[in-house]
Amino acid sequence: MHSLISSYIEIIKPRIVFGNLISLIAGFFVALKGEISYSLLVNVLLGVFFITASASIFNNYFDRNIDSLMKRTKNRVLVTKEINTNFALIYGILLFLIGFIWLLLKTNKLVLFFTLFGFIFYALIYTYTKRVTSYSILIGSLSGAVLPLIGYCALSSALNLEIIILFFIFILWQMPHSYCIILLHLNDYRSAKIPVLPLIKSIYITKIHIFIYIFFFIILKFFYFFKYIKHHFFFIHNFLDILWFFLSIIGFKDNLNEKIWSRSIFIFSIIIIMLTNIIIIYNKLVILYFNN
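These figures come from a predicted structure and were not determined experimentally. (Residues numbered from 1 in each chain as written. Predicted model: local features only at pLDDT ≥ 70, side-chain atom pairs only at ≥ 80, totals over all residues. Heavy atoms only, no water.)

J.: Would you mind going over helix α8 (residues 161-184) in detail, with residue names and values included?
T.: For α8, with 24 residues, the first-to-last C-alpha span of 36 Å sits near the 34 Å given by 1.5 Å per residue. Across the 24 residues of α8, 20 count as buried, placing the element largely inside the fold. (Helix = DSSP H or I, 4+ residues; strand = E, 2+ residues; numbered from the N terminus. Expected span 1.5 Å × (residues − 1). Buried < 20%, exposed > 50% of the residue type's maximum accessible area, 1.4 Å probe, protein only.)

J.: How would you sum up the packing of aromatic side chains? Please name residues and give values.
T.: All chains considered together, the criterion is met by 23 aromatic pairs. Measuring from centroid to centroid gives 5.1 Å for Y8 and Y91, while their planes differ by 75°, and the two rings are edge-to-face. On the criterion of sequence distance, the pair formed by Y8 in helix α1 (residues 2-10) and Y91 in helix α5 (residues 85-106) is long-range, its members being 83 residues apart. Overall, Y8 belongs to the partly exposed group, its relative accessible area being 22%. (Phe/Tyr/Trp six-rings, centres within 6.5 Å; stacked < 30°, edge-to-face > 60°.)

J.: Account for the pattern of salt bridges, with residues named and values stated.
T.: Tallying each qualifying case throughout the model produces five salt bridges. The closest approach of N and O atoms between K130 and D63, which form a salt bridge, is 3.0 Å. Here D63 lies in the loop between α3 (38-62) and α4 (64-67) and K130 lies in the loop between α6 (109-129) and α7 (136-153), a separation of 67 residues in the sequence. By relative accessible area, which is 1% here, D63 ends up buried. Taking the shortest distance from any N to any O, the salt bridge between D63 and R131 comes out at 3.1 Å. Linking D63 in the loop between α3 and α4 with R131 in the loop between α6 and α7, this pair joins segments that are 68 residues apart in sequence. Residue class for R131 comes out partly exposed when judged on its relative accessible area of 32%. Connected through shared salt-bridge partners, D63, K130 and R131 make up one network. (Salt bridge = Lys/Arg side-chain N within 4 Å of Asp/Glu carboxyl O.)

J.: Residues and numbers for the packing of α8 against helix α11 (residues 203-228), please.
T.: Two elements in contact, α8 and α11, have axes separated by 9 Å at closest approach and are oriented at 155°. Judged on the interaxial angle alone, α11 and α8 are roughly antiparallel. When you trace α8 past α11, the crossing you get is left-handed. Its residues assigned to classes, the contact of α8 with α11 comprises 22 nonpolar, two polar and two charged. (Axes fitted to C-alpha atoms, helices over the stretch in contact; angles between N-to-C directions. Parallel < 35°, antiparallel > 145°, perpendicular 65-115°, else oblique. Left-handed = near helix turned anticlockwise from the far one by under 90°. Nonpolar A, V, L, I, M, F, W, Y, C, P; charged D, E, K, R; others polar.)

J.: Explain the nonpolar core residue by residue, including any values.
T.: I150 and Y224 are the most contacted members of the largest nonpolar core, which has 79 residues in total. Top contributing element to this core by residue count: α8, with 14 residues. Once residues within four sequence positions are removed from consideration, Y224 is found in contact with V30, E162, I165, L166, I169, I229 and I280. Counting residues in each nonpolar core, the second largest holds 10 residues, with I11, I12, V77 and L95 among its members. (Core = buried A, V, L, I, M, F, W, Y, C linked by side-chain atoms within 4.5 Å. Contact = heavy atoms within 4.5 Å.)

J.: Give a description of unusual backbone geometry that names residues and reports values.
T.: Non-glycine residue K81 carries a positive phi angle of around 65°. Turning to its location among the elements, K81 is positioned in the loop between α4 and α5. The backbone phi angle of K193 is positive, close to 60°, even though this residue is not glycine. Structurally, K193 can be placed in the loop between α9 (186-191) and α10 (197-200).

J.: Quick rundown of α3? Include the residues and the values.
T.: If you check α3, its first and last C-alpha atoms are 36 Å apart, about what 25 residues at 1.5 Å a residue would give, namely 36 Å. With 18 of 25 residues buried, α3 is to be regarded as a mostly interior element.

J.: Describe a nonpolar patch on the surface, with residues and values.
T.: Residues I93, L97, I101, L104 and L105 make up a contiguous nonpolar surface patch of roughly 480 Å² in combined accessible area. Structurally, L105 is set in helix α5. For L105, a relative accessible area of 64% corresponds to the exposed category. (Patch = residues over 30% accessible without salt bridge, like charges linked within 9 Å, V, L, I, M, F, W, Y side chains within 5 Å. Areas by Shrake-Rupley, 256 points an atom, 1.4 Å probe, with all protein chains shown as cover.)

J.: Residue-level account of the packing of α7 against α8, with values.
T.: At their nearest, the axes of α7 and α8 sit 8 Å apart, and the two run at 140° to each other. Here α7 is positioned oblique relative to α8, judged by the angle of their axes. The hand of the α7/α8 crossing is right-handed. In contact with I137, L138, G140, S141, L142, G144, A145, V146, P148, L149 and Y152 of α7, α8 contributes I163, L166, F167, F170, I171, Q174, M175, S178, Y179 and I182. The class makeup of the residues in the contact of α7 with α8 is 16 nonpolar, five polar and no charged.

This is the structure in structure tokens:
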């Protein structure tokens, strides 16, 4: 029984889901202008949790044949048949309906719209395009970057420049993050015949893409932090961004250990985006505290 429960938890990819929810909270705090409505925040988090979990199940369901060809994913529960595929489909539909109804009743139309946007782009469009084009990574990045918009729209009926900039920051961040995952498991993608950039073009071209995306990520976030974030946070965090940028340059050195380099870029990406979310939340709390 414990093993079956664990399988039903594993299929929703809880680490990814909870990581996304932190970005949603950051967007919520960007829109915050007064007292925190904890009930609204919890309602948004619950609804988005169910739909994001559902998207993960659909992704696993549609990818189960590809997953069986990849060392990294061959032990997923639909590949090993720990969960019946029909049960998984029902499970995904059920979670989607719960999330949809919850957001419909407890939030607003913009929250529901952007949540469905993220679901469609991840569970359906990204899942299909990863089989036919290397641009699927860019398509998939839209579903991750939409989380701050969802949190923001819980409190606001219209988008402003700050949240739009944050949306593009998250897109720019996700590209090198995703490319490093691909480089770390390149043989898997080759075995499954997935047309990722390092296989379609080259590893060198992929490193150029990583460098460019990190460069523009830093430029855009420099502007965002300078305009919207307290300056002591700005300088501390910008230092980490610059280290990330220099790591991307190291990727062009001769006799480089590709695995260590890719893992370093990947780990830095996690630290930077988590710290970005935490600083945005804490900064708004500080502003609200001193205004009161």
